[in-house]
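Descriptive structure summary
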Amino acid sequence: MQLPTYDDVIAAAARLEGHAHRTPVLRSTTADEQWGARFFFKCENFQRMGAFKFRGAFNALSKFDATQRKGGVIAFSSGNHAQAIALSARLLSMPAVIVMPKDAPAAKVAATKGYGAEVVMYDRFTEDREALTRRLAQERGMTMIPPYDHPDVLTGQGTAVKELIEETGPLDHLFVCLGGGGLLSGSALSARALAPGCKVYGVEPEAGNDGQQSFQAGKIVHIETPKTIADGAQTQHLGGYTFGIIKRDVNDIFTVTDDQLVEAMRFFAERMKMVVEPTGCLAFAGAIAAREAIAGQRVGIVISGGNVDLSRYAALLA
Ligand SMILES: *Cc1c(COP(=O)(O)O)cnc(C)c1O
């Protein structure tokens with residue numbers, strides 16, 4: 001397997017130019033004083049459709065040839081990948097089908113349809129979504145784009161940390177949330193190239209530490225779907241591409257509890273006036289937990305997204 005490189009991240013950045021937002025890097029004196037480090041927050045909650053996933057999706061779809069564009073794209077997701085694919089397909093004028101479970105939140109189904117995608121529902125308990133997606137892809141001549149384990153997806157995700165380090169200069173530490181590893185592997189490619197001395201860490205929910213187990217075992221470990229409020233990180237295993245890069249370029253993988261996520265979420269709301277979804281809080285929660293190791297140093301935090309149902313958000317903060 002040929003792993004993508006930082007050159008592929010540079011090429012992705014050129015494709016995203018003028019299409020993705022260059023999201024702000026925010027500082028917080030309160031955070032710096034409270035936890036004793038210098039934090040640089042890369043705010044992908046302000047990315048188009050509300051999460052970094054637009055980067056990977058748009059990059060992947062931009063590389064389709066004429067035949068692929070005509071057939072369009074198909075993906076299975078009930079989360080941010082669905083909206084990222086739907087929006088990117090609309091911008092690039094190609095058809096999109098998103099396969100979603102029948103019990104997906106109505107707001108997510110509506111958002112995906114709102115971007116112009118066709119939503120095909122399946123029953124989570126009786127149907128195999130991968131088999132269904134493959135069959136539809138074949139019948140309709142569509143190209144399937146997975147949420148993380150694809151070179152064009154992960155190198156697109158890597159453009160966020162490229163922007164971050166270009167803006168801040170070298171960092172000592174970088175914390176990135178970890179689900180299937182698209183964001184972490186792409187971020188590691190950028191950090192290794194732009195700040196060779198920067199330590200890169202993935203942060204996972206404690207209930208779903210398959211990435212940490214895989215990192216320690218040196219091979220991909222599969223787990224049951226974890227129970228956590230970090231719904232964007234409920235993955236069961238890393239992918240071949242993402243793990244290949246993570247095991248080579250990442251320094252360590254940490255875990256945090258749901259309570260620690262809520263603490264970070266409350267801080268973003270109260271002190272930085274930002275709505276961040278639970279999964280988007282993983283990196284900062286991990287940095288807070290590691291505060292002794294990062295004391296007085298320059299620390300990059302990737303805030304991955306801000307898509308959370310407001311009644312759920314209020315209930316978590318109550
Ligand atoms: C998808 C997602 C993640 C996890 O990203 P991976 O590339 O699967 O590791 C984290 N945060 C948010 C907001 C997401 O949508």
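Okay, so let's go over this structure. (Residues numbered from 1 in each chain as written. Predicted model: local features only at pLDDT ≥ 70, side-chain atom pairs only at ≥ 80, totals over all residues. Heavy atoms only, no water.)

**Brief notes about the nonpolar core**
Keep this limit in mind: By convention a nonpolar core is built from buried Ala, Val, Leu, Ile, Met, Phe, Trp, Tyr and Cys residues, the set being connected through side-chain atoms within 4.5 Å. Residue burial is assigned from relative accessible area. The probe radius is 1.4 Å, only protein chains are included, and a residue is buried under 20% of its type maximum, exposed over 50%, and partly exposed in between. Each helix is a run of DSSP H or I of at least 4 residues and each strand a run of E of at least 2, with the numbering of both proceeding from the N terminus. Here a residue-residue contact requires only that any non-hydrogen atoms of the pair lie within 4.5 Å.
By size, the foremost hydrophobic cluster in this structure holds 66 residues, and its most contacted members are F39, F41, L174, F175, F268, F284 and I301. The greatest single-element share of this core, amounting to 7 residues, is contributed by helix α13 (residues 258-272). In this view, L174 contacts V161, L164, S187, A191, C198, K199, V200, Y201, G300 and V302; residues no more than four positions away in its chain are not counted.

**Side note on the pairing of strand β3 (residues 73-76)**
Inclusion rule: One requirement defines pairing of two strands: DSSP has to find at least two bridges between them. When the strands point away from the viewer, a crossover counts as right-handed if the path from the first strand over the helix to the second runs clockwise.
The alternating pattern of β3 places V73 and A75 on one face and I74 and F76 on the opposite face, and all of these are buried. As defined by bridge partners, β3 adjoins strand β4 (residues 96-101) across 4 bridges and the pair is classed as parallel. Bridge pairing in β4 links A75 to I98. Handedness of the β-α-β unit built from β3, helix α5 (residues 80-91) and β4 comes out right-handed.

**Examining the sheet that holds β3**
Put simply, the rule is: Axes, fitted as lines to C-alpha atoms, cover a helix only where it is in contact. Angles between the N-to-C directions of the axes lie from 0 to 180 degrees.
With parallel pairing, 4 strands are arranged side by side in an open sheet as β5-β4-β3-β6. A strand with exactly one partner marks an edge of an open sheet, and here the two such strands are β5 (118-122) and β6 (143-144). Summarising the sheet, β4 and β5 pair through 5 bridges and their orientation is parallel. When the sheet's bridge partners are listed, V99 is paired in β5 with V120. Of the strands in this sheet, β3, β4, β5 and β6 are in contact with helix α7 (residues 129-140), which crosses β3 at around 175 degrees.

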